[in-house]
Amino acid sequence: MGADHHGPAKGLTRWLFTTNHKDIGSMYLWFSFAMFLLGGSFALVIRSELFQPGLQLVRPEFFNQMTTMHGLVMVFGAIMPAWVGLANWMVPLMIGAPDMALPRMNNWSFWILPFAFTMLSLTFFMDGGAPNFGWTFYAPLSTTYAPPSVTYFIFAVHLMGMSSIMGSINIIATIMNMRAPGMTYMKMPMFVWTWFITAFLLIAVMPVLAGAVTMMLFDIHFGTSFFSAAGGGDPVLFQHVFWFFGHPEVYIMILPAFGVVSEVLPTFSRKPLFGYSSMVYATASIAFLSFVVWAHHMYTVGMPIAGELFFMYATMLIAVPTGVKVFNWISTMFRGSMTFETPMLFAIAFIILFTIGGLSGVMLSLAPLDFQYQDTYFVVAHFHYVLVQGALFSIYCGVYYWLPKWTGHMYDETLAKTHFWMTFIGVNTAFFPMHFVGLAGMPRRIPDYSLQFADFNMLSSIGAFITGFSQLIFVVVLLKCIKGGKSATDQVWDGAQGLEWTVPSPAPYHTFTIPPQVR
Amino acid sequence: MLRAQHRRRLMAGAISMAALVLQPALALAEQVERSDTNMRVGATDVSHQVYDLHMFSLWICVAIGVIVFGVMFYSIFAHRKSRGAVAAHFHESTKLEIAWTIVPFVILIFMAVPATKTLTDMYDTRDAALDVQITGYQWKWKYSYPKEGVEYFSSLRTPRDEIDNLAPKGENYLLDVDEPLVIPAGKKVRFLVTAADVIHSWWMPDFAVKKDGIPGFINEAWANVPEPGIYRGQCTELCGKDHGFMPIVVRVLPEGEFNTWLASRKEEAVEERALMAQNFTMDQSMERGKGVYEKVCAACHQPNGEGIPGAFPALKGSAIAMGPMEGHIDIIVNGKAGTAMAAFGAQLSEVDLAAVIVYERNAWGNNVGDMLQPIDVANFKKGK
Ligand SMILES: [Cu+2]
């Protein structure tokens, strides 16, 4: 460091050795975008194969590798790192802290990821190919019957878990210790609150995932039988352990989305967030409930009826706090003075489409109905509505919202709106028809289907391609905005509130070296 | 001599099968009213309950959506800055918060009550008139009637050429099997679902039955189908390469016809066991072995015997397939623990085991040239 400790170092070492939350945040976001394009290209292979009945492009064994890797890359490579990136950039700026609490660990938790995903991607070139047992990797398909690459997959999952745990420890430490004077917990911005809760979820469940893959490792290489009935184990145990991680995991991906939307709506409605404290309590209750509903992913494994009923009722309960959130958002918009810049469009689309995903979630929660929905395209439609139209849309929402603060330039609004509308049309064309084919009886994760599903599948594929290629518009918007464009004011949006808007645009390399005073 | 016997048996079989299969097949309509956009009403009382509950909760969701989005769109229209809207400043209302916590809760109770009732019905597997055991294999189903000693495999019948787009696709593309499960109409049938390798899931939408087959465990489900007919479904748990190619077909027969069918299957099982004592010639073994191989082994080891590198070894030129007979019988009969190679000793008859081994040793350029008789396989098994 030495003499020049106010600006970034030059060249590659700036990125390799940086401990600056803004640099690390940017790296997370770039990495996430790269993974999004990779996972998206897998999705396009899937949708190309499913364009028509019959096997055209790929063999079933490769198709299974595509569905598996699409899920893994999108969940662990695209959505989660995008949130950590946004947290890195924005949490210190929103609470008036100069940086994250544990900057060196921050560097490390990022740099683990490229190695984890390089290793995961290289499994494509191994004998037997990449993991092909679905992103949920149910044993014994993922143990006794797995390709040899499963060991590398296990190692990669361990690395991702370490990265997430370190990231969340850092976020919790930052939020608890580095808030500006006067920023009490109940004055924290919603994005900070939701991430605070998310970080606790991550610390609680990533070790459980690590436990699951370690048991797999032992079953595969060291002769144990955790998941094999022949040796006294139980394949269903795997599912319990996996979903004890997996269900909170879906809230890990969606809680920060609630935060972003709760920041953006008040800004563009020019009206304070409705029901701030009930938003905080709703988030906390969703997080709590997320620990006691895991077996709703397993209604068909043959649980006793008492178990089915418990998980059904608990799952239905989640609709209550989630409803509170949606009603609060709508009341925030009500009698506001709204304008519809790109972040606001993404936020509104989020509310509508996430609510659709939430409502199909209520239907799925009903155990007797789930016997007809489970493992069909209805489920695929449901979780894409909450993860694409939910999590991804709110990531775009946040990125457009804060982009002027990061680059110091306004992005091209027309192009950005084009990006929004093309994506909006694309995802709905892709995912809405999946409700229909699912109800009509099409199982998920199949490379070929019977003729009655042909029309809607073709439509879905067209939607997927529209979605995929529309993301190239975003690349253009982004590059243009980094290069130049209208200068952004410090305030950027006239309705924006909060500490991040008090620093100059672009945000200087070091901010809040003197803590601001919150009234 | 063997030929003649064989043919006679085939003839008898063909005639009885023609009587049993063809004639009801003409009368048995496809019972599914397939909708392209919605859940099927299905054929049983339980499936009707499920359908009604599905429509009920769907309409509740639609109503909630209309109200919520209605308010939102009104607001988007009326409270926009470009229309001169000035922002209000309210940001709290305890009354509202309480209302929109309690109202959804009450709505949920209205959904939970019928759901609990339907679930209780689905779980009531008592007093079944017939038990059928369903076992999932990579990638076929085995159906057995334990009390009658009848069991058989059911696998995809759609020709490869249709899947590879070399022939036009038939009406029941991917939803057709060689031997459907057969059950009587109007009787409560209990399904005991399990699996032999990985997890599968047996789904018959028209009965609203979906149960995972889990290796080492047995799950229960039931159906009482009033109308004879043909019903179709698929495996719904990812089970490896050919997960998309293991459909489920159930033929529901009037009780009398069902009993005749079951009796003839019993007889066939007895005749099949009689074949054990016979000596096969090389040609006969090769012919039978080819059939067994293509039906049972080709999914993994491929029709040309070349396997899939990294996943399934080639049998063409394989040291085991061309090596000492003992080792070869061993891997087929006992499988190889910890791999996808199952113990086929429990799946195939001695006749089929002997035939497929002979076939492997002498197909695709393998040229060991030795013979194996069903009795040898039986002795091998006894020696174990
Ligand atoms: Cu299966």
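This is a predicted model, so every value here is computed, not measured. (Residues numbered from 1 in each chain as written. Chains lettered and ligands numbered in written order. Predicted model: local features only at pLDDT ≥ 70, side-chain atom pairs only at ≥ 80, totals over all residues. Heavy atoms only, no water.)

Q: Explain the overall build of chain B to me, using residue names and the numbers behind them.
A: Along chain B, the regular secondary structure elements total nine helices and ten strands. Over its C-alpha trace chain B gives a radius of gyration of 28 Å, far above what one expects of a compact globule, namely 21 Å for 384 residues. If you line up chain B on its principal axes, its C-alpha atoms span 95 × 50 × 45 Å. In chain B, which comprises 384 residues, the share counted as buried stands at 51%. Here the contacts in chain B between residues at least 6 apart in sequence split such that 65% fall between residues at least 24 apart. Surface exposure of chain B reaches about 17600 Å², of which carbon and sulfur atoms provide 61%. (Helix = DSSP H or I, 4+ residues; strand = E, 2+ residues; numbered from the N terminus. Rg over C-alpha atoms; globule rule 2.2 N^0.38 Å. Buried < 20%, exposed > 50% of the residue type's maximum accessible area, 1.4 Å probe, protein only. Contact = heavy atoms within 4.5 Å. Areas by Shrake-Rupley, 256 points an atom, 1.4 Å probe, with all protein chains shown as cover.)

Q: Go over the interface of chain A and chain B with me, naming the residues and quoting the values.
A: Taken together, the 98 residues of chain A in the interface contact 96 residues of chain B. Summed over both sides, the interface between chain A and chain B buries roughly 8100 Å², with carbon and sulfur atoms accounting for 68% of that surface. B:Asp164 is the partner of A:Arg59 in a salt bridge, and the nearest nitrogen-oxygen pair spans 3.3 Å. Our enumeration of links across chain A and chain B arrives at 23 residue pairs in polar contact (both at pLDDT 80 or more). Listing elements by their share of the side of chain A that touches chain B, those giving two or more residues are helix H3 (60–95), helix H7 (235–269), helix H8 (276–289), helix H9 (305–317), helix H10 (319–333), helix H11 (342–365), helix H12 (367–373) and helix H14 (413–440) of chain A. When residues in the side of chain A that touches chain B are grouped by element, the largest group, nine residues, is from H10(A). (Buried area = accessible area lost by both parts, 1.4 Å probe. Salt bridge = Lys/Arg side-chain N within 4 Å of Asp/Glu carboxyl O. Polar contact = N/O pair within 3.5 Å; in protein donor to acceptor, adjacent residues only side chain to side chain.)

Q: Describe the coordination of the copper ion, with residues and values.
A: Residue and element names in this part refer to chain B. Coordination of the copper ion by the protein comes from His200 (ND1), Cys235 (SG), Cys239 (SG) and Met246 (SD), over a distance range of 2.1 to 2.7 Å. Classification of the site at the copper ion rests on its four donor atoms, whose angles at the metal span 90 to 131 degrees, yielding the label tetrahedral. Each donor residue of the copper ion belongs to the same chain, and together they define the spacing H-x34-C-x3-C-x6-M. Of this pair, His200 sits in strand S6 (residues 200–204) while Cys235 sits in strand S9 (residues 229–235), placing them 35 residues apart in sequence. (Donors = N, O, S within 2.8 Å, 3.2 Å for Na, K, Ca; no water. Tetrahedral: all angles 85-135°; square planar, octahedral: opposite > 155°, others 65-115°.)

Q: Which residues make up the packing of aromatic side chains, and what values do they have?
A: All names here are of chain A. Within this structure, the stated rule accounts for 76 aromatic pairs over all chains. Look at Tyr28 and Phe110: their rings are 5.2 Å apart centre to centre, the planes differ by 75 degrees, and that puts the pair in the edge-to-face class. Residue Tyr28 is found in helix H2 (residues 21–49), and its partner Phe110 is found in helix H4 (residues 103–122); the two are separated by 82 residues along the sequence. The pair formed by Tyr28 and Phe110 is uniform in burial state, with each residue classed as buried. Between Phe393 and Phe420 the ring centres are 6.4 Å apart and the planes differ by 65 degrees, which places this aromatic pair in the edge-to-face class. Residue Phe393 is located in helix H13 (residues 377–407), and its partner Phe420 is located in helix H14; the two are separated by 27 residues in the primary sequence. With relative accessibility at 0%, the residue Phe393 sits in the buried group. (Phe/Tyr/Trp six-rings, centres within 6.5 Å; stacked < 30°, edge-to-face > 60°.)

Q: Kindly report on the sheet that holds strand S7 (residues 209–213) of chain B, identifying the contributing residues and their values.
A: All names here are of chain B. Sheet architecture is open: five strands sit in the order S4-S10-S9-S6-S7, paired in mixed fashion. Where the open sheet ends on each side, the last strands, each with one partner, are strand S4 (181–184) and S7. For this sheet, the mean angle separating the axes of adjacent strands, direction not counted, is 25 degrees. Two elements, S6 and S7, share five bridges in a ladder whose sense is antiparallel. Looking across to S7, one finds that Trp203 is bridged to Lys210. (Pairing = 2+ DSSP bridges. Axes fitted to C-alpha atoms, helices over the stretch in contact; angles between N-to-C directions.)

Q: Explain the domain arrangement of chain B residue by residue, including any values.
A: Residue and element names in this part refer to chain B. What the domain assignment reports for chain B is domain 1 (2–122), domain 2 (130–273) and domain 3 (278–381). Between the C-alpha centres of domain 2 and domain 3 the distance comes to 26 Å. With both chains or domains summed, domain 2 and domain 3 bury close to 830 Å², and 50% of this area falls on carbon and sulfur atoms. Across the domain 2-domain 3 interface, the total number found is one salt bridge. (Domains from an automatic or database assignment.)

Q: Describe the nonpolar core, listing the residues and the values that go with them.
A: In this structure, A:Phe76, B:Tyr145, B:Phe191, B:Trp202 and B:Phe207 are the most contacted members of the largest nonpolar core, which totals 271 residues. For B:Tyr145, the contacting residues outside a window of four places in its chain are B:Leu130, B:Asp131, B:Val132, B:Val150, B:Tyr152, B:Leu181, B:Val182, B:Phe258, B:Trp261 and B:Leu262. Membership of the second largest hydrophobic core comes to 25 residues, among which are B:Val296, B:Met325, B:Ile329 and B:Ile331. (Core = buried A, V, L, I, M, F, W, Y, C linked by side-chain atoms within 4.5 Å.)

Q: So what about H14(A)? Which residues, and what values?
A: Residue and element names in this part refer to chain A. End to end, H14 covers 41 Å across 28 residues, agreeing with the expected 40 Å (1.5 Å per residue, within 8%). Among the residues of H14, the N-terminal cap falls to Asp412, whose side-chain oxygen and the backbone nitrogen of Thr414 are separated by 3.1 Å. With its phi angle positive at about 120 degrees, Gly441 sits one or two positions after the end of H14. (Expected span 1.5 Å × (residues − 1).)

Q: So what's going on with the sheet that holds strand S2 (residues 140–145) of chain B? Which residues, and what values?
A: All names here are of chain B. Taken together, the five strands give an open sheet; going across it, the order is S3-S2-S1-S5-S8, and neighbouring strands pair in mixed fashion. Only two strands of the sheet have a single neighbouring strand rather than two, namely strand S3 (150–154) and strand S8 (219–224). Each strand axis lies, on average, 25 degrees off the axis of its neighbour in the sheet, ignoring direction. As paired elements, strand S1 (residues 130–137) and S2 share five bridges and run antiparallel to each other. Each bridged residue has a counterpart across the sheet, and for Gln133 the counterpart in S2 is Ser144.

Q: So what's going on with the pairing of S7(B)? Which residues, and what values?
A: All names here are of chain B. Counting buried positions along S7 gives five out of five residues, so the element sits mostly inside the fold. Both faces of S7 are covered, namely the face carrying Val209, Lys211 and Gly213 and the face carrying Lys210 and Asp212. With antiparallel pairing between neighbouring strands as the criterion, S6 and S7 make up a hairpin whose turn holds four residues, including Ala208 at a positive phi of roughly 50 degrees.

Q: Tell me what's going on with empty space enclosed by the protein, and back it up with residues and numbers.
A: Following the criterion strictly, the structure yields six cavities of 30 Å³ or more and no others. In this structure, the largest cavity spans a volume of roughly 80 Å³. The wall of the largest cavity is formed by A:Tyr28, A:Phe76, A:Met80, A:Pro81, A:Val84, A:Leu113, A:Met160, A:Ser163 and A:Ser164. Put simply, the parts of the chain that give the lining of the largest cavity at least two residues each are H3 and helix H5 (150–177) of chain A. At four residues, the largest contribution of residues to the lining of the largest cavity is made by H3(A). Each residue belonging to the lining of the largest cavity can be placed in one class, and the counts come to seven nonpolar, two polar and no charged. Here the second largest cavity is characterised by a volume of approximately 60 Å³. If you go around the second largest cavity, the residues you meet are A:Ala440, A:Gly441, A:Ser450, A:Gln452, A:Phe453, B:Arg40, B:Leu175, B:Trp203, B:Pro205, B:Arg232, B:Gly233 and B:Gln234. Looking at the lining of the second largest cavity element by element, the count peaks at three residues for S9(B). Considering only residue class, the lining of the second largest cavity consists of five nonpolar, five polar and two charged. (1 Å grid on protein atoms, 1.4 Å probe; cavity = no way out; pocket = protein on both sides within 12 Å on 5 of 7 lines; lining within 4 Å. Points joined across faces, edges and corners; volume = space filled by probe spheres on them. Nonpolar A, V, L, I, M, F, W, Y, C, P; charged D, E, K, R; others polar.)

Q: So what about the packing of H14(A) against helix H15 (residues 454–483) of chain A? Which residues, and what values?
A: Residues and elements named next belong to chain A. At a minimum axis distance of 7 Å, the contact between H14 and H15 shows a crossing angle of 160 degrees. Between H14 and H15, the angle falls in the class roughly antiparallel. Regarding H14 and H15, the two cross each other, and that crossing is left-handed. Of the residues belonging to the contact of H14 with H15, the class tally is 17 nonpolar, eleven polar and one charged. (Parallel < 35°, antiparallel > 145°, perpendicular 65-115°, else oblique. Left-handed = near helix turned anticlockwise from the far one by under 90°.)

Q: If you had to explain the packing of helix H6 (residues 282–301) of chain B against helix H8 (residues 350–362) of chain B to someone new, which residues and values would you point to?
A: Residues and elements named next belong to chain B. At a minimum axis separation of 7 Å, H6 and H8 run at an interaxial angle of 95 degrees. Considering the angle they form, H6 stands roughly perpendicular to H8. Contacts between H6 and H8 involve Met282, Ser285, Met286, Arg288, Gly289, Lys290, Val292, Tyr293 and Cys297 from the former and Val351, Asp352, Ala355, Val356, Val358, Tyr359 and Asn362 from the latter. Taken together, the residues of the contact of H6 with H8 sort by class into ten nonpolar, three polar and three charged.

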